[in-house]
Amino acid sequence: MAGVWTFRHGVVRRMACPSSMEAAPDDSKEASWSKRRVLVHVATGQVVSSNEQLERYLLGLGWERYYRGGAPAAGLPDLIQFHRSPETLDLISVPSDFARFKSTHMFDIVVKNRLHFQVREI
């Protein structure tokens with residue numbers, strides 16, 4: 001039952017892997033059919049490659065680093081959080097280790113900043 005599940009036009013389908021992939025080791029299987037996603041800052045066209053760079057862009061868009069009781073994201077030491085203002089519910093959470101930055105974090109940023117960020121596949 002090896003394959004890739006796709007969702008198109010409201011229908012979920014399993015697409016079988018080509019036979020050349022089935023003979024490959026597990027690591028190369030994944031690399032050969034998946035594309036790497038990156039978060040791109042639209043105004044500069046640069047790929048976001050660190051939390052410091054992301055923080056600079058978000059601060060420029062009016063986001064603030066979220067601190068509770070003077071400690072960074074109290075109770076969540078492995079997360080960096082940003083909010084627009086104390087009156088809004090908008091909150092962005094990203095891992096403090098940029099190596100764990102996943103596409104779900106990217107899309108969360110894009111949804112809350114539609115005109116300023118894009119997710120691209122390379």
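In what follows, the structure referred to is the one given above.
The following paragraphs examine the structure supplied in this document. (Residues numbered from 1 in each chain as written. Predicted model: local features only at pLDDT ≥ 70, side-chain atom pairs only at ≥ 80, totals over all residues. Heavy atoms only, no water.)

**Section: the overall build of the protein chain**
And then number 1: The helix and strand tally for the protein chain stands at four helices and 10 strands.
And then number 2: For the protein chain, the proportion of its 122 residues judged to be buried stands at 26%.
And then number 3: Look at the contacts in the protein chain between residues 6 or more apart in sequence, and 38% of them connect residues 24 or more apart.
And then number 4: Total accessible area computed for the protein chain in this model is approximately 8400 Å², and 54% of it derives from carbon and sulfur atoms. (Helix = DSSP H or I, 4+ residues; strand = E, 2+ residues; numbered from the N terminus. Buried < 20%, exposed > 50% of the residue type's maximum accessible area, 1.4 Å probe, protein only. Contact = heavy atoms within 4.5 Å. Areas by Shrake-Rupley, 256 points an atom, 1.4 Å probe, with all protein chains shown as cover.)

**Observations concerning the pairing of strand 3 (residues 37-41)**
And then number 1: Counting buried positions along strand 3 yields four of five residues, so the element is predominantly enclosed.
And then number 2: Bridge count for strand 3 against strand 10 (residues 117-121) is five bridges, and the pairing is antiparallel. By the bridge assignment for strand 10, arginine 37 is matched with glutamate 121.
And then number 3: Bridging between strand 3 and strand 4 (residues 46-47) involves two bridges; their strand directions are antiparallel. Bridge pairing in strand 4 links histidine 41 to glutamine 46.
And then number 4: Where strand 3 folds back onto strand 4 in an antiparallel hairpin, the turn is made up of four residues, including glycine 45, whose phi is positive at roughly 75 degrees. (Pairing = 2+ DSSP bridges.)

**Looking at helix 4 (residues 103-112)**
And then number 1: Taken together, the buried positions of helix 4 are His105, Met106, Ile109 and Val110. Down the axis, helix 4 shows its buried residues gathered within 135 degrees of arc, on one side only.
And then number 2: Contact partners of the buried residues in helix 4: strand 3, helix 3 (51-60), strand 9 (91-95) and strand 10. (Arc of directions from axis to C-beta.)

**So, the sheet that holds strand 3**
Strand pairing in a sheet relies on backbone hydrogen bonds, with the paired strands running either antiparallel or parallel.
And then number 1: Spatially, 4-3-10 is the arrangement adopted by the three strands of the open sheet, whose pairing is antiparallel. Two strands close off the open sheet at either side, each with one partner strand: strand 4 and strand 10.
And then number 2: Set on the sheet, helix 4 makes contact with strand 3 and strand 10; between it and strand 3 the angle comes to about 25 degrees. (Axes fitted to C-alpha atoms, helices over the stretch in contact; angles between N-to-C directions.)

**Some remarks on a nonpolar patch on the surface**
And then number 1: On the surface, a cluster of nonpolar side chains totalling about 400 Å² of accessible area is made up of Trp5, Phe7 and Val12.
And then number 2: Relative to the elements of secondary structure, tryptophan 5 occurs in strand 1 (residues 4-8).
And then number 3: Of the residues examined, tryptophan 5 reaches a relative accessible area of 58% and is grouped as exposed. (Patch = residues over 30% accessible without salt bridge, like charges linked within 9 Å, V, L, I, M, F, W, Y side chains within 5 Å. Salt bridge = Lys/Arg side-chain N within 4 Å of Asp/Glu carboxyl O.)

**Overview of the pattern of salt bridges**
And then number 1: A complete count under the given rule lists five salt bridges for this structure.
And then number 2: Its salt-bridge partner being arginine 100, residue aspartate 78 comes within 3.6 Å of it at the nearest N-O pair. You can see aspartate 78 sitting in the loop between strand 7 (71-72) and strand 8 (79-83) and its partner arginine 100 sitting in the loop between strand 9 and helix 4, a full 22 residues away along the chain.
And then number 3: Judged by its relative accessible area of 33%, aspartate 78 is partly exposed.
And then number 4: Among the salt bridges present, the one from arginine 84 reaches aspartate 90, with a minimum N-O distance of 3.4 Å.

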